[in-house]
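Coordinate inspection notes
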Amino acid sequence: MVRSIILSVVLIFGTLTIIKPDEPLAFSGQTIERGAFGDDVIELQARLQYLGFYKGKIDGIFGYGTYWALRNFQEQYGLGIDGIAGSKTKNKLAGISDYDSEWVHQQIEKGNRFTYYGGIPLAQQTSAGAGTSESTDVQLPVKYSERDLQLMANAVYGESRGEPYEGQVAVAAVILNRLESPDFPNSISEIIFQPGAFTAVADGQIWLTPNARAKEAVLDAMNGWDPTENALYYFNPKTATSKWIWSRPQIKQIGEHIFCY
Amino acid sequence: MKSAIYLLSIAVLALGLYSYEVRKDNEHLEQTVQAQYTNALTNASEKLSTLQQSVSQSLLFQDQVALNNELDNIWRISNEFRSTISSLPLSREVSNEWLRYVGNIGEEAKFAADNGNYESWHKRMTVVNDNLQALSDEWTVATADFYQNDASINEWASVAEKETDESPFKSVTANLKSYGETDFPLTASESDWIKKKELQNLEDEEITKEQAIDKLEVLIPDIKDANYTVSKSKDDAPYPFYHIQFAKGSRVGYADITVKGGFILSFLSERPVQEKTGVTQQEIREQVSQFLKDAGYRDLQIVEMRENHQAWHLSLARVVGEDKALVYPDGVQVKVSKDSGELLGLNAMEYVQKEEINEDQKVEPIDWEAFFRPGTQVEEEQLIYTENEAFQLRKCYQVIAHFTNGKNETFRVVVDAENHDVIKVEYMS
């Protein structure tokens, strides 16, 4: 009886090993490539850094820094050089490097400055940082920074948190349309803080903490969505008294706001 | 009774002290803000004067080095002036006119320095120089009151609120508008660019609201039979479109569809999305390609994918010609949920009116080893069409180059394929 149980267990494990021979114990089952974001990328960056291939920040964003590091690793270990972490590459990486997931995630959550080189005690590779983990929050189009996202999210939340999602994307799009227009300053910060430009700046509501929805709205606008169809201004028809704003050619109304040129 | 009077006196005294402190604080704040505004005003006035002198000086030189030096100064001063003027609490109209006029001078200086078109610069700036002098004088008159002894923050507050016709900047604004139209008329390329942006050339047959909803449902079957609210764009809109708002279950969103031709401009849907992904990057790519083919977008190629917490954002560009060049201005953006691969957004505004491609533009080869410094490696080379600063569509090389020093800093460099002008350099993170 005992012998047959042992035999069954051995058979089951053996079958599983034969069925999934290439599945690494580390990482998830996904192929990881440029543009990816999240825990798999954090592990990839940490393992590449452990082996000395990756010298950048471990932030979970698969950008060009990670891409070149991965290609160099693939070249050195005789793997196909494509900058994509498939099962072979992941198996090789997992086999020759260590990864302390809990420690790495702890550093990111605390916003610490840290590295993950092999052969150096982890305690020597970390120091207290800004206390936020914002760098892992989002991937933005190359022309925008996280500071832009933060400022715009504050403005969108302060100006239009009661509006439908479309209306929030629209407010963000107006800021970006102004950035393209010769009639406005050259930076997002200057546009938002131009005296009289936004009510939320004048009444201090811009300093409220924006929610995830406002950030997502800004992200969509930064990625090209413009529900206003190129508007440069908007106003609330119930409260606007300026003759000038009423003289602008109007495009459409979303929620409480009329958008215009 | 005595105690009550005593307590009341203490309360009145405390309240008096408190209001005195608040008033003092407010006065202090007002004085600080007024000082900052006055400082910015002085800076703006000085920069305007320096800009006019610099434009005047540029008319002195024929020598290329001397002239380029002055053009650099003009570009820098115009930017500084724009920054300063935008920090003043002027009315929107006054501020816009200044930013546009002085921005045009700066852009013109940069364009002349980049292209060596000095003759055109000299011709145009002879008039601009006179106009700047006149504007500078008018500005001095208009701002004189802000330096009077009894000037206060209220002066600034009233300027910001007044209509331009009632403000001291009435004359300077009218002249800025008039000089702007005569000194910097739109070029043919700029005019074309604006027309295209405004979709004014559409001549397709008009569709009805119902047909617009049908189009949307064919494209996005997930919202079939949703509750719709359809409105038409305002009468002033440069091109008419239907604004369709929909709600179906947890999905709420909108779509804009042109009245002429029923082209989808943009669509965006909001619904709760799980953060954990069940769909791989490869699957997202395949699903998007399939969706776009089914929707009739058959000439697009994915050029960028970005994953975030809830969704993937994909950028696509139109592919043309035998060399499969990417036309970036004819781009489409797609948003896809991470949890199920559902299409959450489509932005095809730029794709509706396609660019006219100049097939005759020459492609001269570039020796990248000579073009870049040693220690730079070029990994990807692709032909693309993109607009230069003058809004002309040019065929260009796009290369991804990176330093081989271990830091792997990477750049996207766009170079005109014919004259090898550098159109754009982007730092890739």
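Residues numbered from 1 in each chain as written. Chains lettered and ligands numbered in written order. Predicted model: local features only at pLDDT ≥ 70, side-chain atom pairs only at ≥ 80, totals over all residues.

**So, the packing of helix α7 (residues 165–180) of chain A against helix α10 (residues 212–222) of chain A**
All names here are of chain A. Definition in use: Fitted lines through C-alpha atoms give the axes, limited to the stretch in contact for helices. The angle between two N-to-C directions lies from 0 to 180 degrees. Helix and strand assignments follow DSSP, with helices taken as H or I runs no shorter than four residues and strands as E runs no shorter than two, numbered in order from the N terminus. The cut-offs work like this: below 35 degrees is roughly parallel, past 145 is roughly antiparallel, 65 to 115 is roughly perpendicular, and the gaps in between are oblique. Handedness of a crossing is defined here by the sense of rotation of the near helix relative to the far one, left-handed for an anticlockwise turn of less than a right angle and right-handed for a clockwise turn. Here, residue contact means that the backbone-derived C-beta atoms of the two residues sit within 7 Å. Basically, the charged four are Asp, Glu, Lys and Arg, the nonpolar ten are Ala, Val, Leu, Ile, Met, Phe, Trp, Tyr, Cys and Pro, and anything else, Gly included, counts as polar.
Contact geometry for α7 and α10: axes closest at 8 Å, N-to-C directions at 50°. Taken together, the axes of α7 and α10 are oblique relative to one another. The handedness of the crossing between α7 and α10 comes out as right-handed. Here α7 contributes Tyr165, Gln168, Val169, Ala172, Ala173 and Leu176 to the contact with α10, which in turn contributes Arg213, Ala214, Ala217, Val218, Asp220, Ala221 and Met222. Residues of the contact of α7 with α10, tallied by class, amount to 10 nonpolar, one polar and two charged.

**Focus on unusual backbone geometry**
Residues and elements named next belong to chain B. Under the convention used in this document: Burial is judged by counting the other C-beta atoms within 10 Å of a residue's own C-beta: 20 or more makes it buried, 12 or fewer makes it exposed, and any count in between marks it as partly exposed, with every C-beta position built from the backbone.
One non-glycine residue, aspartate 225, lies in positive phi territory at about 65°. By the element assignment, aspartate 225 lies in the loop between α8 (209–219) and β1 (227–232). Located in the positive-phi region is phenylalanine 391, a residue other than glycine, with phi close to 65°. On the basis of neighbour counts, which here come to 17 C-beta atoms within 10 Å, the residue phenylalanine 391 falls in the partly exposed class.

**Examining the domain arrangement of chain A**
This is how it is decided: What fixes the domain bounds is an automatic or database domain assignment.
When cut into domains, chain A gives domain 1 (26–133) and domain 2 (146–260). A C-alpha centroid distance of 38 Å is found between domain 1 of chain A and domain 2 of chain A.

**A few points about the interface of chain B and chain A**
With 52 residues of chain B at the interface, the matching set in chain A holds 44 residues. By residue number, the principal contributor to the side of chain B that touches chain A is helix α3 (residues 92–115) of chain B, which donates seven residues. Among the residues forming the side of chain B that touches chain A, the class breakdown is 12 nonpolar, 24 polar and 16 charged.

**Points about the sheet that holds strand β5 (residues 257–260) of chain A**
Residues and elements named next belong to chain A. Our working rule: Each pair of strands is called paired provided DSSP finds at least two bridges between the two strands.
Taken in spatial order, the three strands of this open sheet run β3-β5-β4, and their pairing is antiparallel. Sheet topology places β3 (233–235) and β4 (250–254) at the edges, where each strand pairs with a single neighbour. Across the sheet, the axes of successive neighbouring strands diverge by a mean angle of 25°, strand direction being ignored. Strand direction decides the pairing type here: β4 and β5, joined by four bridges, are antiparallel. Residue glutamine 253 lies in a different strand from β5, and its bridge partner there is isoleucine 258. Where α7 meets the sheet, it contacts β3, β4 and β5, and its direction lies at approximately 140° from that of β4.

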